Amino acid sequence: MSSREKGARCITRGVTITCDIQSGATSFTVQPTTYKAKAYSAASEESPLASTTIARRDPTERDVQIEILFCGICHSDLHSVRNEWSEFMATNYPIVPGHEIVGRVTTVGSAVTKYKAGDLVAVGCMVDSDRSCPNCKRDLEQFCPNMTLTFNSLDKHLGGVTYGGYSESIVVDEHFVLRLPSNLNIAGVAPLLCAGITTYSPMRHWGVGKGKKVGVVGLGGLGHMAVKFGRAFGAHVAVFTTSPNKKEDAFRLGADEVVVTRNSDEMKKHAGSFDFIIDTVSANHDINAYINLLGVDGNLTLVGAPAEPLDVPAFSLIMGRRRLAGSAIGGIAETQEMLDFCGKHNVTADVEVIPIQKVNEAYERLWKSDVKYRFSIDMASLKSE
Ligand SMILES: [Zn+2]
Ligand SMILES: [Zn+2]
């Protein structure tokens, strides 16, 4: 913007820049223009999600505007709506959750190079970061201290907080937009943006592949993706479950064996034999039972977050040079790699598609783990609101 004349006002690609001369100094006020978008939000931790209208910024130079086609329902949505993580991430109301977003590009800003109108794209858990810290420079935007989450984060453009994918559209900087493979069912692609990358990233990082024995603890939204990825990477996959009635499904998803954890003889048979175990369970449970199943240099990675601190005897790790690790989603480049991998290996989540009007019912069922294995909201249903 070159004009610095007194009172000059120019509107360019959705940004209003007002230039005033006050006391001899020039000040610039940047006020993005906005449009109204239909959405579903919760007004308080006791309120159900209900139809509303939110303001989205008009696309600026590097923005991509996306018509949302499907949005997965993640456990984080439920925790955030009910303010269950208030100690470390209090919820700002009203909240529009949703960070498993797939859609079609409707408009792009003048400086956007990667996308054009009509492209099938996706947005995951992040919509921005500072792009300059050491973590961003290593393509680990998920660990950026100034990362912007897709919902319930400070909105740098409009003030207030960011609104997620339970909406008819979203506007996102092109760097945080992913390209979709053309051959996949997009309802089942949506959960890849959180459940998928959360399991893919540590499995890739710790070298899961042919000749490796991999364990998956918990067969829910995350666990069922871990089984599919383990299979696609060519590893030998074992599912640990407390319920024998999940056996059939575990095999259908691609498990080579199923271990019922309540059966101590079955557990003993596997002592010291695993290269990698991914633990997706967020309820409190005994992780030592799994550490003892690791072989030398074996790795147990946590992607679920039990509320209570873990009690781990040092010798369980010392003997066998075992590692206990954690992992959170993945960077943008790795998320794109995961989507491309899914296109090549035909991997999607198992979903139950629902209209947005059933979202509160879906939350009740999710709370009881009554879904195989992820809800995916058909956002076309929002048009009738
Ligand atoms: Zn999530
Ligand atoms: Zn950064």
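Use the structure listed above.
Residues numbered from 1 in each chain as written. Chains lettered and ligands numbered in written order. Predicted model: local features only at pLDDT ≥ 70, side-chain atom pairs only at ≥ 80, totals over all residues. Heavy atoms only, no water.

*Asks:* Sorry if this is basic, but what is going on with the packing of aromatic side chains here?
*Replies:* To describe a pair of aromatic rings, you give the distance between the ring centres and the angle between the ring planes. What the rule picks out here adds up to nine aromatic pairs. Ring plane angle 35 degrees and centroid distance 5.8 Å describe the contact between Trp85 and Phe88, whose orientation is recorded as tilted. Each ring, one from Phe229 and one from Phe233, has its centre 6.3 Å from the other, and the planes form 25 degrees; the classification is stacked. A relative accessible area of 0% means that Phe229 is categorised as buried. Taken together, the ring pairs connect Tyr200, Phe229, Phe233 and Phe341 into an aromatic cluster. Positioned above the aromatic ring of Phe274, the side-chain terminus of Lys213 is 4.5 Å from the ring centre. (Phe/Tyr/Trp six-rings, centres within 6.5 Å; stacked < 30°, edge-to-face > 60°. Buried < 20%, exposed > 50% of the residue type's maximum accessible area, 1.4 Å probe, protein only. Lys NZ or Arg CZ within 6 Å of the ring centre and 35° of its normal.)

*Asks:* Help me out: how do you make sense of the nonpolar core in this one?
*Replies:* In a soluble, globular protein the nonpolar side chains are often hidden away together inside. The biggest cluster of nonpolar side chains holds 91 residues, and the ones touching the most others in it are Ile73, Val102, Tyr166 and Phe229. Considering each element in turn, this core owes the most residues, seven residues, to strand β6 (residues 63-73). When residues no more than four places from it in sequence are discounted, the contact partners of Ile73 are Glu100, Tyr166, Ile354, Val359, Ala362, Tyr363, Leu366, Arg374, Phe375 and Ile377. Membership of the second largest hydrophobic core comes to 14 residues, among which are Phe240, Ile287, Tyr290 and Leu294. (Core = buried A, V, L, I, M, F, W, Y, C linked by side-chain atoms within 4.5 Å. Helix = DSSP H or I, 4+ residues; strand = E, 2+ residues; numbered from the N terminus. Contact = heavy atoms within 4.5 Å.)

*Asks:* So what exactly am I meant to see when it comes to the pattern of salt bridges here?
*Replies:* Working definition: two side chains of opposite charge can pair if their charged atoms are close together. Scanning the model with the defined rule gives 18 salt bridges in all. Residue Glu67 is joined to Lys383 by a salt bridge in which the shortest nitrogen-to-oxygen separation is 3.2 Å. A residue pair is termed long-range when its members are at least 10 positions apart, and Glu67 in strand β6 and Lys383 in the segment after β20 (374-378) qualify at 316 residues. With relative accessibility at 27%, the residue Glu67 sits in the partly exposed group. Owing to a relative accessible area of 55%, Lys383 belongs among the exposed residues under this scheme. A single network of salt bridges, built from pairs that share partners, joins Lys228, Asp249, Arg252, Asp350 and Lys372. (Salt bridge = Lys/Arg side-chain N within 4 Å of Asp/Glu carboxyl O.)

*Asks:* How do you make sense of the sheet that holds strand β15 (residues 257-260) when you look at a structure like this?
*Replies:* Each strand in a sheet pairs with another by means of backbone hydrogen bonds, the pair being arranged parallel or else antiparallel. What the six strands build is an open sheet, ordered β15-β14-β13-β16-β17-β18; its pairing is parallel. The open sheet is flanked by β15 and β18 (323-326), the only strands paired with a single partner. Averaged over all pairs of adjacent strands, the angle between their axes in this sheet comes to 20 degrees, without regard to strand direction. Relative to β15, strand β14 (residues 236-241) is paired through four bridges, and the arrangement is parallel. Note on β15: the bridge partner recorded for Ala238 is Glu257. (Pairing = 2+ DSSP bridges. Axes fitted to C-alpha atoms, helices over the stretch in contact; angles between N-to-C directions.)

*Asks:* Just to check I follow, could you spell out the coordination of the zinc ion (ligand 2) for this structure?
*Replies:* Around a metal, the ideal angle is 109.5 degrees if four donors adopt a tetrahedral arrangement and 90 or 180 degrees if six donors adopt an octahedral arrangement. Protein-derived ligands of the zinc ion (ligand 2) are Asp130 (OD), Cys133 (SG), Cys136 (SG) and Cys144 (SG), with the metal-ligand distances lying across 2.0 to 2.3 Å. Counting the intervening residues between successive donors of the zinc ion (ligand 2) yields the motif D-x2-C-x2-C-x7-C. With relative accessibility at 24%, the residue Asp130 sits in the partly exposed group. For Cys133, a relative accessible area of 10% translates into the label buried. (Donors = N, O, S within 2.8 Å, 3.2 Å for Na, K, Ca; no water.)

*Asks:* Would you take a moment to explain unusual backbone geometry for this structure?
*Replies:* A negative phi angle is the norm for most residues apart from glycine, just as the trans form is the norm for most peptide bonds. Omega for the peptide link from Tyr93 to Pro94 comes to -5 degrees, which places this bond in the cis form. Within the element layout of this structure, Pro94 appears in the loop between α1 (75-81) and β7 (101-108). A cis amide bond links Lys372 to the next residue, Tyr373, at an omega of -15 degrees. You can see Tyr373 is positioned in the loop between α11 (359-367) and β20. Even without being a glycine, Arg321 presents a positive backbone phi close to 50 degrees. One can find Arg321 in the loop between α9 (314-318) and β18. Taking relative accessible area as the criterion, Arg321 reaches 57% and is therefore assigned exposed. Of note in the backbone geometry, Ser369 takes a positive phi value of approximately 55 degrees without being a glycine. Mapped onto the fold, Ser369 is located in the loop between α11 and β20.

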